[in-house]
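Close look at the chain arrangement
For reference, the chains in residue letters:
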Amino acid sequence: MTAFSRERPTDWRPGQVRNPEGVLDTHFTDAAAWELIAARIEDGHPIETMELHTPRGATGYVMKIDLEPGQPQLYVKLQLGSGKIIGRSFHYSE
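For the structure given in this document, a descriptive report is provided here. The structure displayed is predicted, hence computed values, not measured ones.

Here we come to unusual backbone geometry. A cis amide bond links Thr 54 to the next residue, Pro 55, at an omega of -5 degrees. With respect to the element layout, Pro 55 can be found in the loop between strand E2 (48–51) and strand E3 (59–65). One non-glycine residue, Ser 82, lies in the positive phi region at around 50 degrees. With respect to the helices, strands and loops of the structure, Ser 82 is situated in the loop between strand E4 (74–81) and strand E5 (84–92). Relative accessible area serves as the criterion here: at 77%, Ser 82 is assigned to the exposed category.

Estimates place the volume of the largest pocket at around 200 Å³. Asn 19, Pro 20, Glu 21, Phe 28, Ala 32, Glu 35, Leu 36, Ala 39, Arg 40 and Leu 67 together form the lining of the largest pocket.

Looking at the secondary structure, you find Gln 79 in strand E4. A relative accessible area of 5% means that Gln 79 is categorised as buried. Of note is the side chain of Gln 79, whose polar atom sits 2.6 Å from the side chain of Arg 88.

Thresholds applied
Residues numbered from 1 in each chain as written. Predicted model: local features only at pLDDT ≥ 70, side-chain atom pairs only at ≥ 80, totals over all residues. Heavy atoms only, no water. Helix = DSSP H or I, 4+ residues; strand = E, 2+ residues; numbered from the N terminus. Buried < 20%, exposed > 50% of the residue type's maximum accessible area, 1.4 Å probe, protein only. 1 Å grid on protein atoms, 1.4 Å probe; cavity = no way out; pocket = protein on both sides within 12 Å on 5 of 7 lines; lining within 4 Å. Points joined across faces, edges and corners; volume = space filled by probe spheres on them. Polar contact = N/O pair within 3.5 Å; in protein donor to acceptor, adjacent residues only side chain to side chain.

See below:
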């Protein structure tokens, strides 16, 4: 789930990230973004925790993913809330 609000700002841009495994889609769709996130978590990809600024004091979970040589890392930030995973960021690391 992703939903921008003042209480939970997001920077969710899968359509701007090239999908190196995409057959028909050259860039990620929302569904493909969530599939990548789930696969990396299941594979044990490192996840860092951070304190979010908004909402203050909440915990964010960050993954930095190498997708392909010569491209910046993919930056993914998630938040847990009310029994669901909330997508906060999905974009190239800047």
